[in-house]
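Here's the letter readout for the chains.
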Amino acid sequence: MFYYVVRRIIYIIPISLAVSLVCFLLVHIAPGDPIDAMVAPDTPPVVIEQVRAQFGLDQPLPVQFGIWLAKVVQGDLGNSLIKGRPIAADLLSASANTFILAMTGGLLGVLIGCVFGGIAGVYRGTWIDRVLLGTAVAGVSVPHYWLGMVMVIIFSVNLNLLPAMGAGPGGSTEWAWDWAHIQFLILPSITLCVIPAGLVTRTVRGLVSDIMSQDFITTLRGKGLRRSGIINHVIQNAAPTVLAVIGLQLANLMGGSILVETVFAWPGTGMMLNNAIFQRDIPVLQATTLVLALFFVVLNLVVDLIQTAIDPRIIRR
Amino acid sequence: MNETVSQTRTGDYLVRARDLNVAFVSREATVNAVNGIDLDLAFGEVLCILGESGSGKSVTLRALMRLNPKGKTVMSGELSVAGHDMMALPDSMLTSVRGREVSMIFQEPMTALDPVFTIGRQIGETIVRHEGISRREAEQRALDLLELVQIPSAKRRLSAYPHELSGGLRQRAMIAMAISCRPKLLLADEPTTALDATVQIQILLLLRRLQQELGMGVIFVTHDLGVAGEIADRIAVMYAGRMVEQASVTDFITRPLHPYAQGLMGATVHSGMRGHRLTTIPGSPPDLRLPISGCAFAARCPHVVNACRAALPPFRHPEPGRAVRCVRFEEAA
Ligand SMILES: Nc1ncnc2c1ncn2[C@@H]1O[C@H](COP(=O)(O)OP(=O)(O)OP(=O)(O)O)[C@@H](O)[C@H]1O
Ligand SMILES: [Mg+2]
């Protein structure tokens, strides 16, 4: 087990390198010259070359990658072409905002999904199951942005209960856990929770009804356990798989909240990516993609390790 | 074994079933898995139920502790186990009878044990449930039980998971769990079928020893006549959800009366048959989704007459302690 953990952590290095390379190449494969976005359309070629040299864009690709990687490792993610200031600080605060939104929405979704899925699984084939499953399918099928806008219309425009845009009073981007801020979190996190809730419901339902139909459940009933005792066994059997699904959903939400962040003007990585794409701000695009991808890699590792730790059926050396 | 099938005083019996029926109802069909069984078991007696696949042996066994899937199972008749009227027992009390007064071991110890709980915890859990002692004390009891069922290096095995044990050890652990609260009745559903021959014998010997030491009544389901002869006091033969014959083990083995029981004997390898030809019973058992009138075995019986199809033959008692549901057993014998 110990060697497995060490080995898995060491594996992170080549994976991260590959991820960085892809992030780096991504923007060079994309059509269009990033310089065009930085200079006025009628800039003389000499000036263009100067700018190009200033950003290192005149070097051969491998050299550019080396330089870029060396800086990234030291925490220097470059400067934004548009804002002209270091990306790292902005990205850090955006990541924190996205993290808050993704975790709130994700955990809400997981909670709903486990409860709905657990009940539907235990009562499989009954009307309770059909209602819950129908709700879950509807949740997965509803488009994010549409649901977000409907909620804005109902709760912000018509009822005037909750703010529609931003992450804090007066457009502040610094998060705090007080009501003034939390009320901004409610609509986007509910919008965001719907898809993971639906997916987790379906997974947990399948898992629970699968476990409930296994032979050992008959043994447990036969030795006189009450319902609560049996549910305890079901939970512990389902936990490793549910955990993997949860990890995947949270990771998806970190990168997948672009639409929701855009609808609610939430100052996170999704909005940052969105802006960077439209403004062709290559370094920002690169840095944001890289951070999200690395987060994905690390989360996968954590899920895998926890799963290994709690599931005695998995033997890894 | 000294009771007769016709005896009726409930108090003397560990198990007493009268006209027990079990049906599985779903939207598509109703399966009449058990059709009017009468069964008596004295304290400390060992009964073997024989019968081919699908004859309702497992369903009968589960019915004795009302363990068939709730919701789709319809039971009727009279059933008393260890003095409890099982048909009237509310669920809350049923869970106190299960595992404490009646417990069950299964054919496949791999799937019958929870894969993510240690052996020690699964055994301890039963004791904690019924005797309300601490988990720590229960672990100690579990250790004693593993030693009782002769699991080598028992202490280490307490913290093992089912997949870390061999089939034979798993079945021993399963037995330890089943006897952990010293039940009066042990139900064993083909507990040796999934094991290889040498292990089968060890498990059988273990069960016989425990039965004698603890004085449990045992109902043991098997396909194997040899196993039945080894362990049983009395044998009951099932066909299509009905009992067709009950007899003491020696009576049965020397002279089975029902044509189906004779067929079973003919299809089994055993020492008395040396030099004889093995035979099979032609045809297949009836579809339990359809109503059966008359003797269910009539379609396959070499001695069939019209009376067999007309009405269900009543039990005949050719000698004390023996019962056979056949109108022509005298001719067939
Ligand atoms: N939960 C259930 N739902 C519907 N039908 C069932 C159920 N359990 C058993 N049956 C049916 O009841 C009949 C008797 O099954 P049972 O398992 O008791 O047979 P068996 O005698 O134990 O056979 P085997 O020797 O193969 O174990 C079979 O036709 C089976 O399909
Ligand atoms: Mg069976």
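### Digging into the overall build of chain B
Inference 1: Helix and strand counts for chain B come out as 13 helices and 11 strands.
Inference 2: For 333 residues, the compact-globule formula gives about 20 Å, and the C-alpha radius of gyration of chain B, at 20 Å, lands near that figure.
Inference 3: Considered along the principal axes of its C-alpha atoms, chain B spans approximately 65 × 50 × 40 Å.
Inference 4: By residue count, 55% of the 333 residues in chain B fall in the buried class.
Inference 5: Considering only contacts within chain B whose residues lie at least 6 apart along the sequence, 64% involve residues at least 24 apart.
Inference 6: For chain B, the computed accessible surface area is about 14200 Å², with 52% contributed by carbon and sulfur atoms.

### So, the overall build of chain A
Inference 1: What chain A contains, in helices and strands, is 13 helices and 0 strands.
Inference 2: Projecting the C-alpha coordinates of chain A onto the three principal axes gives extents of approximately 85 × 60 × 35 Å.
Inference 3: Relative to its 317 residues, chain A shows a buried fraction of 44%.
Inference 4: When contacts within chain A are restricted to residue pairs at least 6 apart in sequence, long-range pairs at least 24 apart make up 72% of them.

### A look at the pattern of salt bridges
All names here are of chain A.
Inference 1: All chains considered together, the criterion is met by 17 salt bridges over all chains.
Inference 2: For aspartate 304, the salt bridge goes to arginine 8, with nearest N and O atoms at 2.7 Å. Of this pair, aspartate 304 sits in helix H13 (residues 282-310) while arginine 8 sits in helix H1 (residues 2-29), and the two are 296 residues apart along the sequence.
Inference 3: Exposure remark for aspartate 304: the relative accessible area of 12% places this residue in the buried category.

### Overview of the interface of chain B and chain A
Inference 1: Across the boundary between the two partners, chain B contributes 27 residues, which contact 19 residues of chain A.
Inference 2: Both sides of the chain B and chain A interface together cover about 2000 Å² of buried area, and 54% of this is carbon and sulfur.
Inference 3: Our count for the chain B to chain A interface comes out at 1 salt bridge.
Inference 4: At the boundary of chain B and chain A, one finds 12 residue pairs in polar contact (both at pLDDT 80 or more).
Inference 5: Listed by contribution, the elements that provide at least two residues to the side of chain B that touches chain A are helix H3 (109-112), helix H4 (119-131) and helix H7 (167-178) of chain B.
Inference 6: It is H4(B) that contributes the most residues to the side of chain B that touches chain A, 6 residues altogether.
Inference 7: Partitioned by chemical class, the residues of the side of chain B that touches chain A number 13 nonpolar, 8 polar and 6 charged.

### Details of the site of ligand 1
All names here are of chain B.
Inference 1: With respect to spatial proximity, 16 residues lie near ligand 1, and among them Ser53, Gly54, Lys57, Ser58 and Lys72 are the closest.
Inference 2: Contact distances for ligand 1 include 3.0 Å between an oxygen atom and a backbone N or O atom of glycine 56.
Inference 3: Contacts to ligand 1 include lysine 72, whose side-chain N or O atom sits 2.9 Å from a nitrogen atom.
Inference 4: Protein chains shield 70% of the accessible area of ligand 1, which is 620 Å² for the free molecule.
Inference 5: Top contributing element to the shell around ligand 1 by residue count: helix H1 (residues 57-64), with 4 residues.
Inference 6: Partitioning the shell around ligand 1 into residue classes produces 5 nonpolar, 6 polar and 5 charged.

### Considerations on the pairing of strand S9 (residues 234-239) of chain B
A regular strand carries its side chains on alternate faces of the sheet.
All names here are of chain B.
Inference 1: Counting buried positions along S9 yields 6 of 6 residues, so the element is predominantly enclosed.
Inference 2: With 4 bridges connecting them, strand S3 (residues 46-50) and S9 associate as parallel partners. Considered in S9, the bridge of isoleucine 49 is made with alanine 236.
Inference 3: The hairpin turn running from S9 into strand S10 (residues 242-248), its antiparallel successor, is 2 residues long, and alanine 240 in that turn takes a positive phi close to 45 degrees.

### So, the sheet that holds strand S5 (residues 84-85) of chain B
All names here are of chain B.
Inference 1: Reading across from one edge, S2-S1-S4-S5 is the order of the 4 strands in this open sheet, with antiparallel pairing throughout. The sheet is open, and its two borders are formed by strand S2 (30-42) and S5, each paired with just one other strand.
Inference 2: With 2 bridges joining them, strand S4 (residues 73-81) and S5 adopt antiparallel strand pairing. Bridge pairing links serine 80 to aspartate 85 in S5.

### A short note on the side chain of A:Thr269
Inference 1: As for its position among the elements, A:Thr269 is in helix H12 (residues 269-279).
Inference 2: The contacts of A:Thr269, once residues within four sequence positions are left out, are A:Leu91, A:Ala94, A:Ser95, A:Thr98, A:Met254, A:Glu261, A:Thr288 and A:Leu292.

### Brief notes about the confidence of the model for chain B
For any part of a model where pLDDT is low, the fine detail of the predicted coordinates should not be relied upon.
Residues and elements named next belong to chain B.
Inference 1: Of the residues in chain B, 93% have a pLDDT of 70 or more, and the chain-wide mean is 89.
Inference 2: Scored below 50 in pLDDT, residues 1-10 shows 24 contacts in the model against residues more than four places distant or in partner chains.
Inference 3: In the predicted complex, the global pTM is 0.84; the interface-specific ipTM is 0.89.

### Focus: helix H9 (residues 215-222) of chain A
Inference 1: Judged by how many residues are buried, H9(A) sits mostly within the fold: 6 of 8 residues are covered.
Inference 2: Phi turns positive, to about 95 degrees, at A:Gly224, one or two residues after H9(A).

### Some words on the pairing of strand S1 (residues 13-25) of chain B
All names here are of chain B.
Inference 1: Counting buried positions over the 13 residues of S1 gives 10, a clear majority of the element.
Inference 2: The pairing of S1 with S2 spans 10 bridges and is classified as antiparallel. Directly across from valine 15, in S2, lies its bridge partner leucine 41.
Inference 3: Between S1 and S2, which follow one another and run antiparallel, lie 4 residues.
Inference 4: Where S1 meets S4, 8 bridges bridge the pair, whose relative direction is antiparallel.

### Regarding unusual backbone geometry
Generally, phi is negative for residues other than glycine and the peptide bonds are trans, each holding for most cases.
Inference 1: With a phi close to 50 degrees, A:Ala265 is a non-glycine residue in the positive phi region.
Inference 2: In this fold, A:Ala265 is placed in the loop between helix H11 (258-263) and H12.

The rules behind each value
- Residues numbered from 1 in each chain as written.
- Chains lettered and ligands numbered in written order.
- Predicted model: local features only at pLDDT ≥ 70, side-chain atom pairs only at ≥ 80, totals over all residues.
- Heavy atoms only, no water.
- Helix = DSSP H or I, 4+ residues; strand = E, 2+ residues; numbered from the N terminus.
- Rg over C-alpha atoms; globule rule 2.2 N^0.38 Å.
- Buried < 20%, exposed > 50% of the residue type's maximum accessible area, 1.4 Å probe, protein only.
- Contact = heavy atoms within 4.5 Å.
- Areas by Shrake-Rupley, 256 points an atom, 1.4 Å probe, with all protein chains shown as cover.
- Salt bridge = Lys/Arg side-chain N within 4 Å of Asp/Glu carboxyl O.
- Buried area = accessible area lost by both parts, 1.4 Å probe.
- Polar contact = N/O pair within 3.5 Å; in protein donor to acceptor, adjacent residues only side chain to side chain.
- Nonpolar A, V, L, I, M, F, W, Y, C, P; charged D, E, K, R; others polar.
- Near = heavy atom within 4 Å.
- Pairing = 2+ DSSP bridges.
- pLDDT = per-residue confidence, 0-100.

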